[in-house]
Amino acid sequence: HLGIIGKCNIQYALDPHSDDYCIIEVNPRLSRSSALASKATGYPLAAVAAKLSLGIHLPDIRNAVTQTTTACFEPSLDYIVCKIPRWDLTKFDKVSRRIGSAMKSVGEVMSIGRTFEESLQKAMRMVDPGIAGFEPHATVYKPENETDLIEELTQPSDRRIYAIAYAMQELGWSVDKVHDLTKIDTWFLHKLKRMIDLHGMMNALDSVNALNGTLMMQAKKSGFSDAQIAARVSSDKMPIDEIGVREIRKAMGVKPRIKQIDTMAGEAPAHTNYLYMTYNGDEDDVKPFDNPAKMVLGSGTYRIGSSVEFDWCSVSAIRTLRKQGHKAIMVNYNPETVSTDYDECDKLFFEELSLERVLDIYESENCDQAIVSVGGQIPNNLALPLWENGVNIAGTTPQMIDNAEDRDKFSSMCDKNGIDQPLWRRLTSQEDAFDFADEVGYPIVVRPSYVLSGAAMNVAYTPSELSRNLRVAGEISNKFPVVISKFIEGGREIDVDAVADNGKVVLHAISEHVENAGVHSGDATLMLPPQGIDDETLAKCRETVAKVASGLNITGPFNMQLIAKDGEVKIIETNVRASRSFPFSSKTVGGDFIEAATSIMVGDGVPAWVAEKDLGLDGKGAYPETYVGVKAPMFSFKRLLGADPTLGVEMASTGEVACYGKNFHESFLKAMLATTGFQMPKNKAVLVSIQERLRGDFKSSLEKLNELGFTLYATEETAEYLKSLDIPVTLLHWEESGISPSIDQHLKEKKIDLVFMFANNFSKRTETNYTIRRVAVDFGVPLITNLQVASALADSFELFYNGKLNLEVKTLPDYYAEEKQK
């Protein structure tokens, strides 16, 4: 009817009480769900659509999975796929947790099983390794009363599945009662109830000895992990952990089987390397390689702090292994990634990144090494338990990884090796924390161990804030030490990406933050090479990098955060793995850091190009002279209704851009223009609101804006400050005053092009400040809340409007060529 050739996406609405349906919309293009559909079926929609668009007919397109049939066959499935979104709403202050027609998720997982129960429980664990499966989780959701539970069931949120588990298991609510509140089809609810019943059967056992093979197999076919089973059957008299259950399960002969995604449900021979594991099968579809393979653990779902940057690292590792003649096995479960394209590796396991499942694959495939340092925090956290269970970890030893991740051990290592760091203390009690704060003075930063993107890391300016932050950190990192340290105000943060070989650094790149300390590195604007750090400070940075690499005997990739102030350089943390900034560093200096790291970790040595690029600590390759790269964060505050769009030590951005230019200001302005929603001010109308202690630092920028012809609007006290500088200003009143013109009115009517709002812990009007920030975001007015970024923007405006800044369009190879010719 629409004459579509190629791919289209159709969204339907189905009446749950009849067969009536209607079409909501049709998109004659690939959609967000296209990758999911392709990975779920093994049918490459984009590739087939492209060939159709070129005039090739379906019967003439070969099925890339089977290699024997054509693409005109509709995919047939003998398994069940479950996709669950990943929400990170807990990271945002004041955000609404309700989910509806506006997308709020930052990623998604895809699990594969042969029953709904198996697929669902796998998917729930994939979303968050801290989730055991379908069961109540008090740290995620625990209702205060029945009214709270009913509201959670009737109003969908990111916690609804846990509310259902709580209602069924803790309160014994029936399928019909839950259905009346949720309107979820009873087919699904009966499956969920069956899992709760299995929980009850295992809970009723007095010890693990009462767990027979039949119940074990029934639980495994329903997606229960070894850890879940251990939690059910363990007792004071006979405690048991997941490894104990694993040994008993294997002795019973209860083992997962390897199955193929073949698009034909086994009806035709397939040559696919696209695999998953299930307990609902009797035999393996494939055999191990003749020679040992290398396993690469991916990054899992996209989340705040772990996105496509880590997938770039995983793919680079896979390609390097294959190029060097190794068989590469990829383990990941994110349908949005390149690493889960089955033609990128020799075998793809679309599976959980858990201790249990990684051991299953490692043993089944006779692997000889596992690379855990390219997929971010999830695989890094598995390094020590995997090693304790016989897995050979490539690169830095798991003990040294633990020494870096454990805040107490790391700080002790720094003291031992003469590495300067802020004053610190391991948390032993709240009283001890308060004593330390009184001793060194506020502010204090709380740092949990083994966390990603600064989870539960917070700066406390008062005893009450410290008390709250300690409680949150204890909930997030209850198994590992929490360290408190003095927070250095006004310092400049520095990021270091590096690769070492047996403790010696072989290549590195140093980036400088535009923002002062206090903004998470994932939310910071990075400059490479550094623009405001003198040679003496850079030398101290390199000295620290060398000491840490040697102290931890690092082999492979690592990342460090340093802070520089008053000629001193102190270390904040080290991650003995690839970081979010590895792709940016690699592309900026023109050398693939992960390729070098992978080659070193598997014993193939340092690639020849590393010496040619001169990227060592004494080399100049890490500091391009003819161009500058700037990485700027992307935020999704507009989609997160009610979230306060401010930045802190816990990461909030959901993406990033990188741009290049002949100097910092060209690169910076390009990067700002590349971020969603930012554009050059059409009317040169700027709203300014600055906390008293910050005004002096922004004085010169305000004068520049005035000289450039900007119309300045301001809140009451800021307007008085501008008048004292003889800068023309228009006062805008708070909305609640009822006086016109008001701030909200000007923002909603798009009379303002840009908002500069700088608040701190001394700000008085916290709620009205929040309202202004929120209105700006909701009505698409660019908002800058960091003074250093705003100053850099004002400087860039000055150069641009005076004709001294040329936003030249050039390819990255062009910049490389100019650098080579200098």
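Residues numbered from 1 in each chain as written. Predicted model: local features only at pLDDT ≥ 70, side-chain atom pairs only at ≥ 80, totals over all residues. Heavy atoms only, no water.

A. Region of interest: the overall build of the protein. Within the protein, the secondary structure is distributed over 28 helices and 26 strands. Taken against the 2.2 N^0.38 rule, which gives 28 Å for 822 residues, the C-alpha radius of gyration of the protein at 28 Å falls within 12% of a compact globule. Projected onto its principal axes, the C-alpha positions of the protein cover 85 × 70 × 65 Å. Within the protein, the fraction of its 822 residues that count as buried is 56%. If you sum the accessible surface of the protein, you get close to 34500 Å²; carbon and sulfur atoms cover 49% of it. (Helix = DSSP H or I, 4+ residues; strand = E, 2+ residues; numbered from the N terminus. Rg over C-alpha atoms; globule rule 2.2 N^0.38 Å. Buried < 20%, exposed > 50% of the residue type's maximum accessible area, 1.4 Å probe, protein only. Areas by Shrake-Rupley, 256 points an atom, 1.4 Å probe, with all protein chains shown as cover.)

B. Structural view of helix H27 (residues 787-801). For H27, with 15 residues, the first-to-last C-alpha span of 21 Å sits near the 21 Å given by 1.5 Å per residue. Elements that come into contact with the buried residues of H27 comprise strand S15 (492-501), strand S16 (504-516), helix H22 (664-674), helix H23 (699-707), strand S25 (754-758) and strand S26 (783-784). Structurally, the start of H27 carries an N-cap: the backbone nitrogen of Gln 788 is 3.0 Å from a side-chain oxygen of Asn 786. Gly 803 occupies a position one or two residues after H27 and carries a positive phi of about 75°. (Expected span 1.5 Å × (residues − 1). Contact = heavy atoms within 4.5 Å. Polar contact = N/O pair within 3.5 Å; in protein donor to acceptor, adjacent residues only side chain to side chain.)

C. Examining the environment of Arg 773 more closely. Looking at where Arg 773 falls in the secondary structure, it is placed in helix H26 (residues 766-778). According to the relative accessible area criterion, Arg 773 is buried, its value standing at 6%. Counting along the chain gives 681 residues from Arg 773 to Phe 92, while the straight-line C-alpha distance between them is 14 Å. Setting aside its immediate chain neighbours within four residues, Arg 773 contacts Asp 644, Pro 645, Thr 646, Met 757, Ala 759, Thr 766, Leu 783 and Thr 785.

D. Focus on the packing of helix H5 (residues 160-169) against helix H7 (residues 186-203). The geometry of H5 relative to H7 is characterised by a closest axis approach of 10 Å and an angle of 55° between their N-to-C directions. Here H5 lies oblique to H7, going by the angle between them. Here the hand of the crossing between H5 and H7 comes out right-handed. Seen from H5, the contacting residues are Ile 161, Ile 164, Ala 165, Met 168 and Gln 169; seen from H7, they are Leu 189, Leu 192, Lys 193, Ile 196 and His 199. Residues belonging to the contact of H5 with H7 are distributed by class as follows: seven nonpolar, two polar and one charged. (Axes fitted to C-alpha atoms, helices over the stretch in contact; angles between N-to-C directions. Parallel < 35°, antiparallel > 145°, perpendicular 65-115°, else oblique. Left-handed = near helix turned anticlockwise from the far one by under 90°. Nonpolar A, V, L, I, M, F, W, Y, C, P; charged D, E, K, R; others polar.)

E. Main features of the sheet that holds strand S22 (residues 685-690). Taking strand neighbours across the sheet as the criterion, the five strands line up as S24-S23-S22-S25-S26 in an open arrangement whose pairing is parallel. Two strands bound the open sheet, and with one partner strand each, they are strand S24 (730-731) and S26. As judged from the four bridges shared by S22 and strand S23 (residues 711-714), these two strands associate in the parallel manner. Residue pairing for S23: Val 686 is matched across the bridge by Leu 712. Seen against the sheet, H27 touches S25 and S26 and runs at an angle of roughly 140° to S25. (Pairing = 2+ DSSP bridges.)

F. Highlighting the pattern of salt bridges. Under the counting rule described, the total for this entry stands at 45 salt bridges. A salt bridge links Lys 83 to Glu 108, with the shortest nitrogen-to-oxygen separation between them at 3.7 Å. Remark: Glu 108 occurs in strand S4 (residues 107-113) and Lys 83 occurs in strand S3 (residues 80-86); sequence separation between them is 25 residues. Exposure remark for Glu 108: the relative accessible area of 4% places this residue in the buried category. Put simply, Asp 285 and Lys 259 hold a salt bridge, and the shortest N to O gap is 3.4 Å. Residue Asp 285 is found in the loop between strand S6 (274-278) and strand S7 (294-297), and its partner Lys 259 is found in strand S5 (residues 257-260); the two are separated by 26 residues along the sequence. Asp 285 gets classed as partly exposed once you look at its relative accessible area, which sits at 33%. When salt bridges that share partners are traced, they join Lys 122, Lys 220, Asp 226, Arg 246, Arg 249, Lys 250, Glu 351, Glu 356, Arg 357, Asp 360 and Glu 363 into one network. (Salt bridge = Lys/Arg side-chain N within 4 Å of Asp/Glu carboxyl O.)

G. Up close: a nonpolar patch on the surface. Together, Ile 10, Tyr 12, Leu 14, Tyr 21 and Ile 23 line one region of the surface with nonpolar side chains, adding up to about 560 Å² of accessible area. For Leu 14, the position within the fold is in strand S1 (residues 9-14). (Patch = residues over 30% accessible without salt bridge, like charges linked within 9 Å, V, L, I, M, F, W, Y side chains within 5 Å.)

H. The arrangement of the nonpolar core in detail. Membership of the largest hydrophobic core comes to 150 residues, with the highest contact counts inside it found for Leu 192, Ile 229, Met 295, Leu 297, Leu 386, Leu 507 and Phe 558. A per-element tally of this core places H5 first, with seven residues. Aside from chain neighbours lying at most four places away, what touches Leu 192 is Phe 116, Leu 120, Phe 134, Ile 161, Ile 164 and Met 168. Met 527, Val 657, Met 680 and Val 688 belong to the second largest nonpolar core, which has 43 residues in total. (Core = buried A, V, L, I, M, F, W, Y, C linked by side-chain atoms within 4.5 Å.)

I. Highlighting the environment of Trp 173. The residue Trp 173 is located in the loop between H5 and helix H6 (175-182) in this model. Along the backbone, Trp 173 and Phe 582 are 409 residues apart, and their C-alpha atoms lie at a distance of 50 Å.

J. Quick peek at unusual backbone geometry. A cis amide bond links Tyr 442 with the next residue in sequence, Pro 443, at an omega value of 5°. Topologically, Pro 443 is positioned in the loop between helix H16 (430-440) and strand S12 (444-448). In this structure, Pro 529 follows Leu 528 across a cis peptide bond, with omega equal to 5°. Its place among the elements puts Pro 529 in the loop between strand S17 (526-528) and helix H18 (535-551). A positive phi is found at Asn 553, a non-glycine position, where the angle reads about 45°.

K. Structural context of the environment of Tyr 141. Mapped onto the elements of the fold, Tyr 141 is located in the loop between helix H3 (116-127) and helix H4 (146-154). Residue classification places Tyr 141 among the buried positions, given a relative accessible area of 4%. As for Tyr 141 and Arg 159, which are separated by 18 residues in sequence, their C-alpha atoms are 6.4 Å apart. Tyr 141 has contacts with Asp 148, Leu 149, Glu 152, Arg 159, Tyr 162 and Ala 163, leaving out every residue within four places of it along the chain. Polar contacts involving the side chain of Tyr 141 include one to the main-chain carbonyl oxygen of Asp 148, which spans 3.5 Å.

So, to be careful, I would describe these as geometric facts and stop short of saying anything about function.
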